[in-house]
Amino acid sequence: MPIEVPQHILDALTDVEMPRLPPDAGVAERLALGGLDLPVYRAACLVVGSGAAGLRAAVELARRGVQVAVASQSAWGGTSACSGSDKQTIHTANTADRGDDFHAMAAALSAGGAMDADTAYVEAVGSLRSMASLQYLGLPLPQDGLGGTLRYQTDHDEVGRATSCGPRTSRLMVRVLADEALRLGVPILNQTTVLRLLVEGARCHGALLARARDRGAGNPYGLGLFLAPVTVLAGGGPGEMYRDSVYPNGCFGTLGLAVEAGLDLVNLTESQFGIGTRREGFPWNLSGTYVQALPHIYSVDADGHEHHFLGAYYRTTRELASNIFRKGYQWPFHATRMLDFGSSLIDLAIARESASGRRVFMDFNRNPLPVAGGAAFSLDDLDDDVRAYLGKAGAVQAQPIDRLRHMNPLSIELYRRYKVDIAAEPLEFAVNNQHMNGGVAVDIWGRSSHPAIYAVGEAAGTHGVTRPGGAALNAGQVFGTRAAEHIAATLADHVAGDVAECAGKAVAAVLAGLGAGSGLTVAAVRDEVQARMSDAAGILCKAGAVRAALAEARALNGRIADDGIAIDRPSEVARAVQWRQMALASEAVLTALDHYIAQGGGSRGARAILDPAGDAVPVSAGGPLEDVRFRSERREDRERQILLRHGEGGFMVRERKTRALDQTERPFFERDWPAWLTGGVYRAEQGGA
Ligand SMILES: Cc1cc2nc3c(=O)[nH]c(=O)nc-3n(C[C@H](O)[C@H](O)[C@H](O)COP(=O)(O)OP(=O)(O)OC[C@H]3O[C@@H](n4cnc5c(N)ncnc54)[C@H](O)[C@@H]3O)c2cc1C
């Protein structure tokens, strides 16, 4: 007998209120630099970003007695607070039935290749603690009657290690972590953008900031210094890099900041793309039950005519409908799933429709139409796995909207909150960029190639080519905790030094980047970068187009270096710096991609490398799609990572073997305990960035 979930319970899981921040404490110290009168903030550790990863690091630092502060462009902005899907997922070791095997889980986390094996094990074994502590803080993860966490299967997950609080899991994570941070008295500097890290040799003195509230007569741009001997980058992913994006608005991440600081970056070739509603409206992933409800997918041309375009790709109605269903747990585009009439043929078809100028919709009031000459859609005529799942879920209602309402009423509720009623009207959507798997290269404690800078969450490049759904949120929690442990244990190594010269250079660099009279505006740089990245570095890449895009990106960065970016008013300083950094970050991605393709790298993860001489070709109902012929992945690339660093002469690229994990070396209590007791565990030479 289905249980009707009362409205107030649905409301609490979709409409998650965030805590109020206490009034700003103000600042007593000031420093005169470059003709400006700058406020100076201080702490032992600065965390950049207040998403789930940054707040986890801050809470864990504060609990260890480290004086920590968070600086955030937007306290409850960013991906964790503002993104989700039908059941937004966190991926942790299975805690129901017979439990889990951490080595098996690590193997699953790194199955796509290019992931360090030690990192994968750290994330697997750390996931239990990350989940249990979130539950302790009040995260309402669903349980069975015996205390096991309810689980389901998600992307790249053969076992079913996914769990969820509903569409807003990561916002709920931010809320419980923010409540705890505020309870512990962690200062959160809101509306505060970090512009530049104050790196001087092996020291990082902290950061140069821009804060609206610090603008004044002696400081028109609102610049300020945050002095701290250790910094944690938790700025999220570079969501603004692509035009076609399901990130919330204003997600810049800290990749460009890391480039300017000269940090090593890794796996920048690896991202995730998939179907969702774009950020021009309400950005949201259309995974899980949205597609498992089996809506009709169609496009509309400029004259308003509908096209049943998927009918041209699949051979039978059953095959078409079963693949729509599989997008639920095979959400990200993957080149090999375009083969054998797999589920990524759907992404390809949608991307081609969008590129031809048609708009694509999902209609929950119509079942999928039949393919030409094929049988009508029937819930009894689906592949066995699909029929079994829907039967078990009790999703046997006649219309998709009723199946969706039955399986996940929150998913309908969610769009309603943003004035979109999917029960009444079709939903427009597209294939979008959603996640950056690469980022700042870190060791097994989240420490970057610079000893005083750590990176956690999406800012860090801990994932490999693929990642199971929910692994991003888990990685942020595990490494937020690990970085805090390491910082607390090694803080005494970081001695403060005289900051004046380094800070002066940072101020001068920011001001020099503001080109009064420059032909480049924030809007012009944004449009150019976003269009280039979506057109040349989306799911379908061609060697020549990537090379040409790289040349254009270099040319743009040359112009920005020479002329700067013009701003209309002082309040635009942060945006101008962020777009300069995004232009650099996009050049970094294209440099890595160009290197990978030039070395003979094949299609893996989010990108198909198209090549007329390629060995694989997707086939549609109408025959081979020769324009999408692609190179297959090479096995040897799975054990390698591409690293980049920016220096005087531009980007330097190198490759390294992924770090291994010696599985014969088992922990042994009496032998290993002293290293824990003395803190030696934090200083052991293993898992370097
Ligand atoms: C639509 C969508 C659905 C997703 N679904 C899932 C899922 O189901 N499971 C999963 O594991 N992952 C999912 N992800 C990915 C996951 O949500 C993110 O990887 C994760 O939330 C990132 O957390 P974070 O703390 O690293 O960054 P964010 O939450 O993005 O936080 C970044 C913070 O940094 C601040 N910031 C940025 N730059 C600066 C700066 N220069 N100065 C100061 N502050 C700065 C921002 O204001 C923000 O507070 C999804 C992503 C999207 C877009």
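Here the structure is a predicted model, which is why all the values come from computation and not from measurement.

Peer 1: Help me out: how do you make sense of the overall build of the protein chain in this one?
Peer 2: Secondary structure summary: the protein chain contains 19 helices and 26 strands in total. Along the first, second and third principal axes, the C-alpha set of the protein chain runs to 75 × 60 × 50 Å. Taking the contacts inside the protein chain whose residues are at least 6 apart along the sequence as the reference set, 75% of them involve residues at least 24 apart.

Peer 1: Where do I start with the sheet that holds strand E4 (residues 68–71) in this structure?
Peer 2: By definition, the strands of a sheet pair up through backbone hydrogen bonds, in either a parallel or an antiparallel sense. Across the sheet, 5 strands lie side by side as E7-E4-E3-E11-E20; this open sheet has parallel pairing. On the outer flanks of this sheet lie strand E7 (188–189) and strand E20 (453–455), each paired with one strand and no other.

Peer 1: Help me understand the packing of helix H16 (residues 522–536) against helix H17 (residues 543–563) in this model?
Peer 2: The geometry of a pair of packed helices is captured by two quantities: the angle between their axes and the separation between those axes. As a packed pair, H16 and H17 sit with axes 10 Å apart at the nearest point and diverge in direction by 165 degrees. Relative to H17, the element H16 lies roughly antiparallel. Here H16 runs over H17; the crossing is left-handed. Of the residues in H17, those touching H16 at Glu528, Arg532 and Ala536 are Ala545, Val546, Ala549, Glu552, Ala553 and Leu556. Taken together, the residues that form the contact of H16 with H17 break down as 6 nonpolar, no polar and 3 charged.

Peer 1: It is not clear to me how the site of the ligand should be interpreted in this structure. Could you clarify?
Peer 2: Neighbouring the ligand are 49 residues; Gly49, Gly51, Gly78, Gly236 and Gly457 lie closest to it. Elements represented by at least two residues in the shell around the ligand include exactly helix H2 (52–63), helix H3 (78–82), strand E8 (192–200), strand E14 (284–285), strand E18 (427–436) and helix H14 (471–490). In terms of residue count, the dominant contributor to the shell around the ligand is H14 (4 residues). For the shell around the ligand, a count of residues per class yields 17 nonpolar, 31 polar and 1 charged.

Peer 1: Got a minute to help me understand the sheet that holds strand E16 (residues 306–307) in this structure?
Peer 2: Across the sheet, 6 strands lie side by side as E14-E13-E18-E17-E15-E16; this open sheet has antiparallel pairing. Every other strand in the sheet has two partners, leaving E14 and E16 as the edge strands with one partner each. Examined bridge by bridge, strand E13 (residues 271–277) and E14 share 2 bridges and lie antiparallel to one another. Across the sheet, glycine 276 pairs through a bridge with asparagine 285, a residue of E14. Helix H10 (residues 344–355) rests against E13, strand E15 (296–300), strand E17 (359–363) and E18 of the sheet, and its axis sits at about 110 degrees to E18.

What counts, and at which threshold
- Residues numbered from 1 in each chain as written.
- Predicted model: local features only at pLDDT ≥ 70, side-chain atom pairs only at ≥ 80, totals over all residues.
- Helix = DSSP H or I, 4+ residues; strand = E, 2+ residues; numbered from the N terminus.
- Contact = placed C-beta atoms within 7 Å.
- Pairing = 2+ DSSP bridges.
- Axes fitted to C-alpha atoms, helices over the stretch in contact; angles between N-to-C directions.
- Parallel < 35°, antiparallel > 145°, perpendicular 65-115°, else oblique.
- Left-handed = near helix turned anticlockwise from the far one by under 90°.
- Nonpolar A, V, L, I, M, F, W, Y, C, P; charged D, E, K, R; others polar.
- Near = placed C-beta within 6 Å.

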